[in-house]
Amino acid sequence: MNGLRLLGTGRALPEKALDNDAMTQYVDTSDEWITTRTGIRRRYFCAENETTTTLAIAAAQRALENAGLDPQAIDCLLVATSSGEYVMPSTACMVHKALSLREDIPAMDVGAACAGFLYAVETARALLIARGGRHALVIGAEQMSSLLDMSDRNTCVLFGDGAGAAVFSLEADAEYESVCGVRGDMAIRVGGPRREQPMAMDGQSVFRFAVSAIPQCVQQLLGKAGLALEDVDWVVCHQANQRIIDASVRRLGVPAEKFYKNLDRYANTSAASIPIALDELREQGGLATGMRIIMVGFGGGLTWSGIMMRV
Ligand code: COA
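Residues numbered from 1 in each chain as written. Predicted model: local features only at pLDDT ≥ 70, side-chain atom pairs only at ≥ 80, totals over all residues. Heavy atoms only, no water.

Asker: How should a negative patch on the surface be read in this particular structure?
Answerer: Together, D19, D21, D31 and E32 make up a negatively charged patch on the protein surface. The residue D21 is located in the loop between β2 (17-19) and α1 (31-38) in this model. By relative accessible area, D21 is classed as partly exposed at 48%. (Patch = residues over 30% accessible without salt bridge, like charges linked within 9 Å, V, L, I, M, F, W, Y side chains within 5 Å. Areas by Shrake-Rupley, 256 points an atom, 1.4 Å probe, with all protein chains shown as cover. Salt bridge = Lys/Arg side-chain N within 4 Å of Asp/Glu carboxyl O. Lys, Arg positive; Asp, Glu negative; His and termini not counted. Charge placed at Lys NZ, Arg CZ, Asp CG, Glu CD. Helix = DSSP H or I, 4+ residues; strand = E, 2+ residues; numbered from the N terminus. Buried < 20%, exposed > 50% of the residue type's maximum accessible area, 1.4 Å probe, protein only.)

Laid out in structure tokens, this is it:
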């Protein structure tokens, strides 16, 4: 199986952090409501000099450094984002220039909302196999604050800005499984005909979708590999809500410690949440070589995706 292995990770957050109390300047809410309904305690919002692009570049530089890889060795660059600054050029094009990557490689954005990072990882693998090449740089970067209606308490307290990046290598014998899916649905939407509408969300139907998507992806990956959850060291799923993770843990009947959690500190950073979590785990020494991880993304679209690999 032509699978990917993780060589390095990096992350970047805006300088400004807002705790739950700070959100009361925008809407009628409270630390108590946000904490008990979501587990979120803090999020970062970009200042004027920070964007999806600046965060993506900083995270990518750290991932390349962590991987010990010359940027010229990158054969494919993908940026998962729903909040790029421009329609053209893509965020990937601007990252490509900032890092002085080779000109003979594909570089593009991938839009699959909060499942975007894993869609991008799977797309990178397919591109490496189809075109030849060994190394992929995959970034999840978001300025979610640019999409929010700061007067809508149903959504504005849930999201944050940030970026995570990972460098992968294609290996002929690497263990690797993936699943993905989509169901056209307007339960979360942003944009509209003139890109004028901020985010709107039916929170309860998204919640119901998420608590079935995580266990389903995990079971499908394990089924494909003929493994049990005991064979997996970490489940790193999209960080949207503590209660979504808790419900998935109960449905799967596994120890909660197997699920990495950091949403209390970053809120929902959409496509950035999984690579940020990977980088934290690696930094803390939680990702020893050879460990088996499952990653699960789910989000607007609706989209979902899961990948199992060894690091
Ligand atoms: N502060 C205070 N009250 C709030 C609030 C806030 N930030 N946001 C909503 N409320 C209110 C609602 O207006 C409602 O009031 P009402 O009963 O007077 O109408 C009340 O809280 C309960 O709302 P409800 O929607 O029933 O709460 P909930 O328990 O379903 O939790 C979410 C709401 C959004 C936290 C939850 O549905 C959720 O997490 N959904 C998934 C969202 C998500 O993760 N999306 C991204 C996926 S990638």
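Asker: What am I meant to see in the pattern of salt bridges here?
Answerer: Two side chains bearing opposite charge may form a pair once their charged atoms approach each other closely. Following the criterion strictly, the structure yields eleven salt bridges and no others. Where E175 meets R292, a salt bridge forms, and the shortest distance between an N and an O atom there is 2.6 Å. Taken as a pair, E175 in the loop between β7 (162-171) and β8 (176-182) and R292 in strand β12 (residues 292-299) lie far apart in primary sequence, 117 residues in all. For E175, the salt bridge identified is with R310, shortest N-O distance 3.2 Å. Within this pair, whereas E175 is found in the loop between β7 and β8, its partner R310 is found in strand β13 (residues 303-310), the two being separated by 135 residues in sequence. Judged by its relative accessible area of 30%, E175 is partly exposed. Residues joined in a network through salt bridges with shared partners are R11, D279 and E283.

Asker: How do you make sense of the packing of aromatic side chains when you look at a structure like this?
Answerer: Each aromatic ring pair is summarised here by two numbers: the centre-to-centre distance and the angle between the ring planes. Here the structure, examined in full by the defined rule, presents three aromatic pairs. Considering the side-chain rings of F209 and W304, the 5.9 Å spacing of their centres and the 55 degrees angle between planes classify their relative orientation as tilted. One end of the pair, F209, is in helix α5 (residues 203-225); the other, W304, is in strand β13, and 95 residues separate them in sequence. Taking the relative accessible area as the measure of exposure, F209 reaches 6% and is therefore buried. For the pair W234 and Y260, a centre-to-centre distance of 6.0 Å together with 80 degrees between the ring planes defines the contact as edge-to-face. Taken together, the residues W234 in strand β11 (residues 234-237) and Y260 in the loop between α6 (242-252) and α7 (263-266) connect sequence positions 26 residues apart. (Phe/Tyr/Trp six-rings, centres within 6.5 Å; stacked < 30°, edge-to-face > 60°.)

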